[in-house]
Structure formats: structure tokens, C-alpha cells
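Each chain, letter by letter, is given below.
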Amino acid sequence: MATDAQLKDFPSLFSLKGKVAVVTGGSRGLGLHAASAFLQAGASKVFISSRKAAACEEACKALNALPHRAPGAIAIPAPADSATLAGVESLLAQVKEHTDRVDILFANAGATWGEAFDTHPDSAFAKVMDLNVKAVFNTIRLFTPLLEASAARGGGGAGDPARVIITASVAGLGIGTLGPQGTYGYSASKAAVIHLGRNLALELAGRGITVNSIAPGFFPSRMSNGLLGMAGGADRVAKGNPMGRLGRPEDIAGVVVYLASRAGSHVNGEVIAIDGGALWQRGELNVSAKL
């Protein structure tokens, strides 16, 4: 009975001490929330990637000013367009200049497009699918050797596996936005990337790598602000949420640190919705019903 009460090194259960993380789409929004969490949980290096070099530099400046970083911990800009294979190769090369392993890969870069069904452009649908699905696959595929190096260092699946976290969306679990600003490609891409994550979770488990997804609901961000406005504004959407509010940065931070730390080492192939329960509230995701 006494042994059942013992937990191995509980104080370090949620620690990311010494970890190396790569965050795509990390210069703002949910990616920046996660990067901040990784650094403050003890990560030694966090690479911030997005298309614009200036945005990466600005984000790293803010992160490197955080008061709760571990001594010597640093955010490093790594601008790249992960929508293209050449962009992912460039990101990988930049990361390799600083490290021979990656412990946490947060595949967060994504895009959306709103347009009525009858006039929805083929190019827009393709752009969203390419970035939200194909680019995620290519990023994970190219970074797998560095993730394997992390797994070998930490004992792999039986010890401390490397982690891949994919940003999906509740739109990939339920019904997204319909009507005049329908996000058909976005909803389809997020459903696809969730299933991709499940497949890769089994493919890579034997290499000491876990793959999980998060599915955020409404968080105030540049991507979601337009949809919030269409739905009557942030206050109205917040009041309609079962928890009576929108998502906060700490909500993302808590889940990604859990998945990336020893606390989440036996979680694999899962998707965690972060939406206050709105997915289960009828009509909550169908913005067009509120227009």
C-alpha cells in the first residue's frame, strides 16, 4: 500500500528542463503562447519559425525578456516558409546549426480562408490544405532524425520519448464555419491532420516519438478575430461558451507543457480539445447559424 503512494520525482513531472523545442508559426498567437510556456517550464532552446524574419526576431526579443527562464535559456529565430519543402529544409538546416537533437516539435503553422461555397477558389483550398496538412507531414518527416536523437538520449518510449504536438482545431472534430465566409478547406484540413497525427503516432512510436494533437476553440488571435466578429463579437461568443469565456494563453500553455513533459509521456495518438466544452454545445461551431 505504501508503495502505491510513491511517485517518481513528482516535482519534475511537468518540467522541461534542458529540452530543445521547435515551434512553427511561433511568432504570434497560439504558437507564441506555447513557446513562452516551453521556455518558462525549463526548455534550454526554443526555435521560433514563421515566414517573416522580422516577426521571428520580435517574438524572440519578447521571449528572451521573460523573467522566469532558466539560466542560459534562449529563444532563437529561424525564419522559414514551412508551406514548401524547401522552406522546411531551410528550417532544419538552421536548427542543426545550434543542436543535434530536437525534444519537442510543435507543428503549429497554419492558415485559413473564408469564402462562400459557390465561389470558393480552388487555389485557396489548395493553399490551406498544403500548409495545414502536407507541410505538417513534411516537417515531421524531415525532423524525425533529430527527434530520434532525442529519444535515444532520453531512453525512447520506455524512458523519455521525443514529442510531436500538432495544432489542429475543433473545426476538425465538429462543424466549422459555413455560409458567406465558409472555411471548408480549413475544416477539412484540420480533420485530415488529426488523422495524420494518429497514423504517425503508431508509425513513430517504435522510434521513441509520440505524436498528439491539440484542438483549440475560439482564442482571440489574428486568425480568429474575423470569425469572432461575424459571430457577434468576442463578448457574445464568450457568453455562449459553457465556461462563459474564450480561451486564454494559459489554457494552451498548460496543455502543451503537459504533453511535452514527463507527465504526458504515455499519451500517444490523442487529440485534446481546448474549447471549454463548446464542441458539445449544439450549434456552437456553426458560425453561420448566428449571422
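Residues numbered from 1 in each chain as written. Predicted model: local features only at pLDDT ≥ 70, side-chain atom pairs only at ≥ 80, totals over all residues. Heavy atoms only, no water.

Per an unreviewed UniProt entry, the chain goes by the name Short chain dehydrogenase and belongs to Sodiomyces alkalinus. The UniProt entry for the chain carries the following text under Sequence similarities (unreviewed entry): "Belongs to the short-chain dehydrogenases/reductases (SDR) family." (UniProt positions renumbered as here; feature names shortened; annotations may be inferred.)

Participant: Help me get a handle on a positive patch on the surface, residues and values and all.
Facilitator: A cluster of basic residues, R28, R51, K52 and K127, forms a positive patch at the surface. Its location among the elements puts R28 in the loop between β1 (20–24) and α1 (29–40). Residue classification places R28 among the partly exposed positions, given a relative accessible area of 42%. (Patch = residues over 30% accessible without salt bridge, like charges linked within 9 Å, V, L, I, M, F, W, Y side chains within 5 Å. Areas by Shrake-Rupley, 256 points an atom, 1.4 Å probe, with all protein chains shown as cover. Salt bridge = Lys/Arg side-chain N within 4 Å of Asp/Glu carboxyl O. Lys, Arg positive; Asp, Glu negative; His and termini not counted. Charge placed at Lys NZ, Arg CZ, Asp CG, Glu CD. Helix = DSSP H or I, 4+ residues; strand = E, 2+ residues; numbered from the N terminus. Buried < 20%, exposed > 50% of the residue type's maximum accessible area, 1.4 Å probe, protein only.)

Participant: Which residues make up the environment of G42, and what values do they have?
Facilitator: As for its position among the elements, G42 is in the loop between α1 and β2 (45–49). Spatially, the C-alpha atom of G42 lies 4.7 Å from that of L16, the residues being 26 residues apart in sequence.

Participant: Pulling in residues and values, what's your account of the sheet that holds β1?
Facilitator: Spatially, β3-β2-β1-β4-β5-β6-β7 is the arrangement adopted by the seven strands of the open sheet, whose pairing is parallel. Pairing within the sheet leaves two strands with one partner each, and these edge strands are β3 (74–77) and β7 (271–274). If you compare each strand with its neighbour and ignore which way they point, the axes differ by 20° on average. One ladder, built from four bridges, connects strand β4 (residues 104–107) with strand β5 (residues 162–167); its direction is parallel. Note on β5: the bridge partner recorded for L105 is V164. Along the sheet face, helix α3 (residues 85–96) touches β1, β2 and β3 and points at about 155° away from the line of β1. Those strands touched by helix α5 (residues 184–205) are β5, β6 (209–216) and β7, and its axis lies near 160° from that of β6. (Pairing = 2+ DSSP bridges. Axes fitted to C-alpha atoms, helices over the stretch in contact; angles between N-to-C directions. Contact = heavy atoms within 4.5 Å.)

Participant: Could you give me a rundown of the packing of aromatic side chains, with the residues and numbers involved?
Facilitator: Here the structure, examined in full by the defined rule, presents two aromatic pairs. Aromatic side chains F117 and Y184 sit 6.0 Å apart centroid to centroid with 80° between the ring planes, which places their arrangement in the edge-to-face category. On the criterion of sequence distance, the pair formed by F117 in the loop between β4 and α4 (122–154) and Y184 in helix α5 is long-range, its members being 67 residues apart. (Phe/Tyr/Trp six-rings, centres within 6.5 Å; stacked < 30°, edge-to-face > 60°.)

Participant: Would you mind going over the nonpolar core in detail, with residue names and values included?
Facilitator: If you look at the biggest cluster of nonpolar residues, it comprises 33 residues, and the most contacted ones within it are F38, V46, I48, F106, I214, I252 and V256. Secondary structure elements with two or more residues in this core: β1, α1, β2, α2 (53–63), β4 and α8 (249–260). Ranked by the residues each element gives to this core, the list is headed by α8, at seven residues. Ranked by size, the runner-up nonpolar core spans 31 residues in total, among them I76, A80, L142 and V193. (Core = buried A, V, L, I, M, F, W, Y, C linked by side-chain atoms within 4.5 Å.)

Participant: Break down the pattern of salt bridges for me, with residues and values.
Facilitator: By the definition in use, this model includes six salt bridges. In this structure, R101 and D103 form a salt bridge, with 3.1 Å as the shortest nitrogen-oxygen distance. Neither residue differs from the other here; R101 and D103 are each classed as buried. R163 is the partner of D160 in a salt bridge, and the nearest nitrogen-oxygen pair spans 2.9 Å. On the basis of relative accessibility, which here comes to 1%, the residue R163 falls in the buried class. Within the structure, one salt-bridge network assembled from shared partners comprises K19, D160 and R163.

Participant: Can you explain the pairing of β2? Please cite residues and give values.
Facilitator: By the criterion of burial, β2 is predominantly enclosed, with four of the five residues buried. With respect to chirality, the unit in which β1 leads through α1 into the neighbouring parallel β2 is right-handed. Direction of pairing for β2 relative to β3: parallel, over a ladder of four bridges. When the sheet's bridge partners are listed, V46 is paired in β3 with A75. A crossover links β2 with its parallel partner β3, the connecting element being α2, and its sense is right-handed. (Right-handed = clockwise from strand over helix to strand, strands pointing away.)

Participant: Any details on the packing of α1 against α8? Residues and values, ideally.
Facilitator: Relative orientation of the contacting elements α1 and α8 amounts to 55°, with a least axis distance of 8 Å. Taken together, the axes of α1 and α8 lie oblique to each other. Judged by the sense of rotation from one axis to the other, the crossing of α1 with α8 is right-handed. Packed against α1, whose contacting residues are L30, H33, A34, A37 and F38, the element α8 presents P249, I252, A253, V256, V257 and A260 at the interface. (Parallel < 35°, antiparallel > 145°, perpendicular 65-115°, else oblique. Left-handed = near helix turned anticlockwise from the far one by under 90°.)

Participant: So what's going on with α8? Residues and values would help.
Facilitator: In this model α8 runs 17 Å from its N-terminal to its C-terminal C-alpha over 12 residues, within 8% of the 16 Å that 1.5 Å per residue would give. When we look at burial in α8, the residues that qualify are I252, A253, V255, V256, V257, L259 and A260. Contacts made by the buried residues of α8 are with α1, β4, β5, β6 and β7. (Expected span 1.5 Å × (residues − 1).)

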